[in-house]
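Breakdown of the fold
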Amino acid sequence: MGKYVLGVDLGTSAVKVSALDHSGQIVAQESFDYDLIQKQPGYNEQNPEDWVSGTTVAIVRLILTDHLAAEEIEGLSFSGQMHGLVLLDENKKVLRPSILWNDTRSTPQREEIEAKLGDEFVDITRNQPLEGFTLTKLLWVKENEPDIWAKAKYFVLPKDYVRYRMTGNLAMDYSDATGTVLLDVAKGEWSKKICDTFDIPMSMCPPLIKSVDFAGTVTPAYAEFSGLTTATKVFGGAADNAAGAVGAGILHPNMVLSSIGTSGVVLKYEDNADVNYHGVLQFEDHAIPDKYYSMGVTLAAGYSLSWFKKTFAPAEDFTDFVASAAKSTVGANGLLYTPYIVGERAPYADANIRGSFTGVDGTHQRYDFVRAVLEGIVFSFRDLFDIYEENGGDFDTVVSIGGGAKSPLWLQIQADIFNRKVVSLKNEQGPGMGAAMIAATGLGWFDSLQDCAQTFVHFGKAYEPNPENVKKYEKMHAIYKQVYKQTKAISEQLLDYRKEEL
Ligand SMILES: Nc1ncnc2c1ncn2[C@@H]1O[C@H](COP(=O)(O)OP(=O)(O)O)[C@@H](O)[C@H]1O
Ligand SMILES: O=C(CO)[C@@H](O)[C@H](O)COP(=O)(O)O
């Protein structure tokens, strides 16, 4: 039995590769940054070759710099940035740069899909055909680059391409496949209806595998390139949010993830595909076979706070700045913030809405504004919790991750606004941990991901809701909920006055 597994976290700004031992300890970690290609506003692309070389450099460094013996790396797996379109020709050569999840050029294709299939689309895929998802990107290429489309024989997602280059086998795991919005989620197969409607040959869709499935061993060519041995086993891997959920132990029906990173994610484990959120929340296959998760994304979560600090307190220490909110009160002395400063994805899929401070009073201090920002972000998460409650969702534990989980005050605000116990992780490693857990489980070190989590995932302090604060926040949230509707038309009118986006 080998000593280590590698978790490859293929992100948007960098790839991070972590080596873990049987006890879930990180023994070494290397990363490599790559660039975004932004040819015009709304366009975000990357070269798949950069992902392959970045991953390879990180692995080479683990072996040469961190002295990990290649023969002791028994297996590896992935967490991948979701939705990015990689188009391949008949020889599996990349045809054009990948169009990423944050590329918004495909609004006409979104409208075309909505017009042709309407609610039926959401019933099949459990998602809306948003610009961020793969199908609209495929249709954009078909309509705008017919020469490339004529040569396209397969499509895959970012981490699938790296896996293909390591093993020579083309595949896509279910958790990422749901994010293409070409999958019939309840049936667990590519949707013929969607492929036929948009004239996409079914043969373009790669074979589907489970996250923990064995996908091949390292080829001799990739072994030479990376320093790995041809005995290293490669496993399917998962979409970054699924892998993040695995790494945070969101593997049981009673658990919800609250992630305050640059963007924010509320993610719930779903035992089956019976519930239908009608596309207001994303609905995806989990990394656990035949299980699912739903999630809503607040586009500017931690970003709201970083923006506010950069603009109004650039020289201050981040931790002190956040802690100053304790000088304010529950409800920030009547100041309310909505975090729509880059538009919103859930529960309102609205690119034009913008943020607001409401109730500004001559007595307010800067710390009230900081508090209002912290609370406003959590109110936007609470909107997503309300959707779960409306759908009968039953859960008692919220696991908080991301930069926002560094603040005890913010963790308590979450507990009070969610009216749920909130726990942080002892050793938070994000989706790379989930990727390593997938490899460890695929190798048979553990019987299941849940089993692996008992050794790899450790919860830290628990924050219990304070009943008095809960009551105050309930009322404040009811006021918060009115702001979106009341500022929608105003935001639209202000559009003409905004600076051109970069
Ligand atoms: N000390 C802190 N206390 C609370 N929040 C913090 C702290 N430091 C950073 N943050 C928040 O965490 C966010 C970054 O979280 P992180 O998970 O690192 O983001 P990502 O990986 O998505 O870029 C920042 O936008 C900021 O708002
Ligand atoms: O679009 C989504 C989820 O639907 C994003 O979560 C991307 O998958 C983010 O990638 P990173 O920012 O983590 O690289």
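See the structure shown above.
Notes on the structure follow. (Residues numbered from 1 in each chain as written. Chains lettered and ligands numbered in written order. Predicted model: local features only at pLDDT ≥ 70, side-chain atom pairs only at ≥ 80, totals over all residues. Heavy atoms only, no water.)

**Digging into the site of ligand 2**
The immediate surroundings of ligand 2 are formed by Gly11, Thr12, Gln81, Met82, His83, Trp101, Asp240, Asn241, Gln282, Met295 and Arg345. Take Asn241: an N or O atom from its side chain is 3.0 Å from an oxygen atom of ligand 2. Arg345 is positioned with one of its side-chain polar atoms (N or O) 3.1 Å from an oxygen atom of ligand 2. Relative to its unbound accessible surface of 380 Å², ligand 2 loses 77% to contact with the protein. Each residue belonging to the shell around ligand 2 can be placed in one class, and the counts come to three nonpolar, six polar and two charged. Counting residues domain by domain, the shell around ligand 2 receives three or more from each of domain 1 (4-241) and domain 2 (249-427 + 464-494). (Near = heavy atom within 4 Å. Polar contact = N/O pair within 3.5 Å; in protein donor to acceptor, adjacent residues only side chain to side chain. Areas by Shrake-Rupley, 256 points an atom, 1.4 Å probe, with all protein chains shown as cover. Nonpolar A, V, L, I, M, F, W, Y, C, P; charged D, E, K, R; others polar. Domains from an automatic or database assignment.)

**Quick word on the layout of surface pockets**
Empty space within the second largest pocket amounts to approximately 340 Å³. Surrounding the second largest pocket, 18 residues form its lining, Phe318, Val322, Gly403, Gly404 and Lys406 being those nearest its centre. The set of elements that each furnish at least two residues to the lining of the second largest pocket consists of α10 (302-312), α11 (318-323) and α13 (408-418). Split by residue class, the lining of the second largest pocket holds nine nonpolar, eight polar and one charged. (1 Å grid on protein atoms, 1.4 Å probe; cavity = no way out; pocket = protein on both sides within 12 Å on 5 of 7 lines; lining within 4 Å. Points joined across faces, edges and corners; volume = space filled by probe spheres on them. Helix = DSSP H or I, 4+ residues; strand = E, 2+ residues; numbered from the N terminus.)

**Brief notes about the environment of Ser491**
Mapped onto the fold, Ser491 is located in helix α16 (residues 467-494). Look at Ser491 and you get buried, because its relative accessible area is 5%. For the pair Ser491 and Pro97, spaced 394 residues apart in sequence, the C-alpha to C-alpha distance is 34 Å. In this structure Ser491 touches Asn352, Ile353, Arg354 and Arg498, once residues within four positions along its chain are discounted. (Buried < 20%, exposed > 50% of the residue type's maximum accessible area, 1.4 Å probe, protein only. Contact = heavy atoms within 4.5 Å.)

**A word on the state of the cysteines**
Enumeration over the complete set of coordinates arrives at zero disulfides. With no disulfide partner, Cys195 has as its closest neighbouring cysteine sulfur the one in Cys205, 4.0 Å distant. Using a relative accessible area of 1% as the deciding quantity, one classes Cys195 as buried. (Disulfide = S-S within 2.5 Å.)

**Points about empty space enclosed by the protein**
Here the structure, examined in full by the defined rule, presents three cavities of 30 Å³ or more. Estimates place the volume of the largest cavity at around 70 Å³. Taken together, 14 residues form the lining of the largest cavity, with Leu130, Gly279, Val280, Gln282 and Arg345 sitting closest to its centre. Per-element accounting of the lining of the largest cavity gives the leading share, three residues, to strand β19 (residues 292-298). A breakdown of the residues in the lining of the largest cavity according to their chemical character gives eight nonpolar, five polar and one charged. Shared between two domains, the lining of the largest cavity holds at least three residues of each, these being domain 1 (4-241) and domain 2 (249-427 + 464-494).

**Quick word on the site of ligand 1**
Neighbouring residues of ligand 1: 16 residues in total, closest Thr262, Gly302, Ser306, Thr319 and Gly403. Here Thr262 contributes a side-chain N or O atom positioned 2.7 Å from an oxygen atom of ligand 1. Ser306 is positioned such that a nitrogen or oxygen atom in its side chain is 2.7 Å from an oxygen atom of ligand 1. For ligand 1, the accessible surface in isolation is 580 Å², of which the surrounding protein chains cover 67%. Comparing atom positions with the cavity grids shows ligand 1 to sit within the second largest pocket. Every element with two or more residues in the shell around ligand 1 is listed here: α10 and α11. When residues of the shell around ligand 1 are assigned to their parent elements, the largest contribution, four residues, is made by α10. Of the residues in the shell around ligand 1, the class split is six nonpolar, nine polar and one charged. (Sits in = over half its atoms within 2 Å of the grid points.)

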